[in-house]
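Geometric and topological summary
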Amino acid sequence: MKVQIEIDSSSGFCFGVTTAIRKAEEELAKSGSLYCLGDIVHNGMEVKRLHESGLITINHDDLRNLHDVKVLLRAHGEPPETYEIAKKNNIEIIDATCPVVLALQRRIKLQYDTHANDQIVIFGKNGHAEVLGLVGQTNSKAIVIEKFEDVKQLDFNRDIYLYSQTTKSLDEFHRIIDYIQQHISKNATFRRFDTICRQVANRMPNIAKFASKHDLILFVSGQKSSNGRVLYNECKSVNPNSYQIEDIDEIDFNWLKGVETIGICGATSTPKWLMEKCRDYILTHLESEP
């Protein structure tokens, strides 16, 4: 059976995740172990690989009980409270917060420090690590809206300052902006700040184009990845013959019947080696067929 397999060249780790993993690997090479606050990336296979090298994932409760150790902060960023706990417990922080997220945190903190009584609104996923870090810049006063419908709950008689989680959809962000512009009181100020990471946003049109080129799409991504869900849904809308998998054991070879081209792609949290592993697994299976 002759099948062509292409791995999407624009899929895989974004800059922020690449930097966090490099910092973890450098410290592990020196000391053999390192604590990481939360999963370093929303991909179970990559987390497992790093755990085998000595990376220990902890939560915020664990952090409060640690003293005199090194802890890596992943690309998503953390609220100010995390840094305060680290200082109090003599914990050395290896800060791998993505520069795009860090810049956004600073903007929101400055906004809060100068306009604490106004509505600081963040378009993002409630409870997401990045959003928790952003809300933390405002003493938990920021309003989080997860989807377009939530915008209707805002007070349009008060000033609104709108920001976005770096990995959200540009199209939905612009819908929210349009709605606020149409409903804001003439006596209130509305300012919006486009804080969506273009390295992530540009993947939407790229992955749609990639999905349209192939008979079958295997989207490799961890179930925890918000970015993965968005990109997979885009693939599925363009190519209904798309399947999300986390590892090779989820590949159903019945999907390959009558297929001539397979596209393998993934999220900003998907390692290249995992996409290559899926490709090699399929090729080995096809070569063994009579």
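The structure we're discussing is the one just above.
Here goes a summary of the coordinates provided. (Residues numbered from 1 in each chain as written. Predicted model: local features only at pLDDT ≥ 70, side-chain atom pairs only at ≥ 80, totals over all residues. Heavy atoms only, no water.)

A look at the sheet that holds strand E12 (residues 261–266)
Rule in force here: Strand pairing is assigned whenever DSSP detects at least two bridges linking the two strands. In this text, helices come from DSSP runs of H or I with a minimum length of four residues, and strands from runs of E with a minimum of two, each type numbered from the N-terminal end. Helix axes are fitted to C-alpha atoms over the stretch in contact, other axes to C-alpha atoms as well, and angles between N-to-C directions run from 0 to 180 degrees.
Overall, parallel pairing links the four strands, which are arranged E1-E12-E10-E11 in an open sheet. Each end of this open sheet is capped by a strand with a single partner; those strands are strand E1 (4–7) and strand E11 (242–245). For this sheet, the mean inter-axis angle between neighbouring strands, taken without regard to orientation, is 20 degrees. Taken together, the four bridges between E1 and E12 define a ladder with parallel strand orientation.

A look at the pairing of strand E5 (residues 92–95)
Within a regular strand, the side chains alternate between the two sheet faces. The criterion, for reference: Note on handedness: a crossover is taken as right-handed if, strands pointing away from the viewer, the path from the first strand over the helix to the second is clockwise.
One ladder, built from four bridges, connects strand E4 (residues 70–73) with E5; its direction is parallel. Within E5, the residue paired with valine 71 across the bridge is isoleucine 93. Handedness of the crossover is the feature at issue here: the chain leaves E4, passes through helix H4 (residues 80–88), returns alongside E5, and the resulting connection is right-handed.

A few points about helix H10 (residues 226–238)
Using the following cut-off: Given the number of residues in a helix, its expected span is that number minus one, multiplied by 1.5 Å. Burial status follows relative accessibility: with a 1.4 Å probe on protein chains alone, a residue under 20% of its type maximum counts as buried, one over 50% as exposed, and anything between as partly exposed.
End to end, H10 covers 19 Å across 13 residues, agreeing with the expected 18 Å (1.5 Å per residue, within 8%). Within H10, burial applies to Ser226, Asn227, Gly228, Leu231, Tyr232 and Cys235.

A look at the environment of histidine 67
The cut-off we apply is this: The contact rule is simple, with two residues in contact once any of their heavy atoms fall within 4.5 Å.
Mapped onto the elements, histidine 67 comes out in the loop between helix H3 (60–64) and E4. Here histidine 67 falls in the partly exposed class, since its relative accessible area comes to 45%. Sequence separation between histidine 67 and glycine 54 is 13 residues; the distance between their C-alpha atoms is 18 Å. The contacts of histidine 67, once residues within four sequence positions are left out, are Asn89 and Ile91.

Remarks on the packing of aromatic side chains
Geometrically, a pair of aromatic rings is defined through the distance of the ring centres and the angle of the planes. Stated formally: Only rings of Phe, Tyr and Trp enter the pairing, Trp through its six-membered ring, and a pair is recorded when the two centres are within 6.5 Å. The plane angle decides the type: under 30 degrees is stacked, over 60 is edge-to-face, the rest tilted. By definition, being over a ring means that NZ of Lys or CZ of Arg is both within 6 Å of the ring centre and within 35 degrees of the ring normal.
A complete count under the given rule lists seven aromatic pairs for this structure. Seen from their ring centres, tyrosine 243 and tryptophan 255 are 3.9 Å apart, and the 10 degrees between their planes marks the pair as stacked. Taken together, the residues span a long stretch of sequence, with tyrosine 243 in strand E11 and tryptophan 255 in the loop between E11 and E12 at a distance of twelve residues. Among the residues examined, tyrosine 243 registers a relative accessible area of 24% and is labelled partly exposed. Residue classification places tryptophan 255 among the buried positions, given a relative accessible area of 18%. Seen in terms of ring centroids, phenylalanine 253 and tyrosine 281 are 5.6 Å apart; in terms of plane orientation they differ by 40 degrees. Their pairing is tilted. Of this pair, phenylalanine 253 sits in the loop between E11 and E12 while tyrosine 281 sits in helix H11 (residues 272–287), and the two are 28 residues apart along the sequence. What makes phenylalanine 253 partly exposed here is its relative accessible area of 21%. Exposure remark for tyrosine 281: the relative accessible area of 33% places this residue in the partly exposed category. Lysine 236 extends its terminal NZ or CZ atom over the ring of tyrosine 243, reaching a point 5.4 Å from the ring centre.

Thoughts on unusual backbone geometry
Phi angles above zero are rare outside glycine, and asparagine 90 is one such case at about 55 degrees. Checked against the element boundaries, asparagine 90 lands in the loop between H4 and E5. Of the residues examined, asparagine 90 reaches a relative accessible area of 52% and is grouped as exposed. Look at serine 140: it is not a glycine, yet its phi comes out positive at around 65 degrees. Position of serine 140 among the secondary structure elements: in the loop between helix H6 (129–135) and strand E7 (143–145). Among the residues examined, serine 140 registers a relative accessible area of 57% and is labelled exposed.

Let's talk about the packing of helix H9 (residues 203–212) against H10
Applicable threshold: Oblique is the label for every angle not falling under 35 degrees (roughly parallel), over 145 degrees (roughly antiparallel), or within 65 to 115 degrees (roughly perpendicular). Helix crossings get a hand from a simple test, with the near helix turned counterclockwise from the far one by less than a right angle marking a left-handed crossing and a clockwise turn marking a right-handed one. Three residue categories are used. Nonpolar comprises Ala, Val, Leu, Ile, Met, Phe, Trp, Tyr, Cys and Pro, charged comprises Asp, Glu, Lys and Arg, and polar comprises the others, including Gly.
Packing of H9 against H10 leaves a shortest axis separation of 9 Å and a crossing angle of 40 degrees. As summarised for this structure, H9 and H10 are arranged oblique, according to the angle between their axes. Regarding H9 and H10, the two cross each other, and that crossing is right-handed. Each of Arg203, Met204, Ile207, Ala208, Ala211 and Ser212 in H9 lies in contact with H10, whose residues at this interface are Val230, Leu231, Glu234, Cys235 and Val238. Of the residues that constitute the contact of H9 with H10, the class distribution is eight nonpolar, one polar and two charged.

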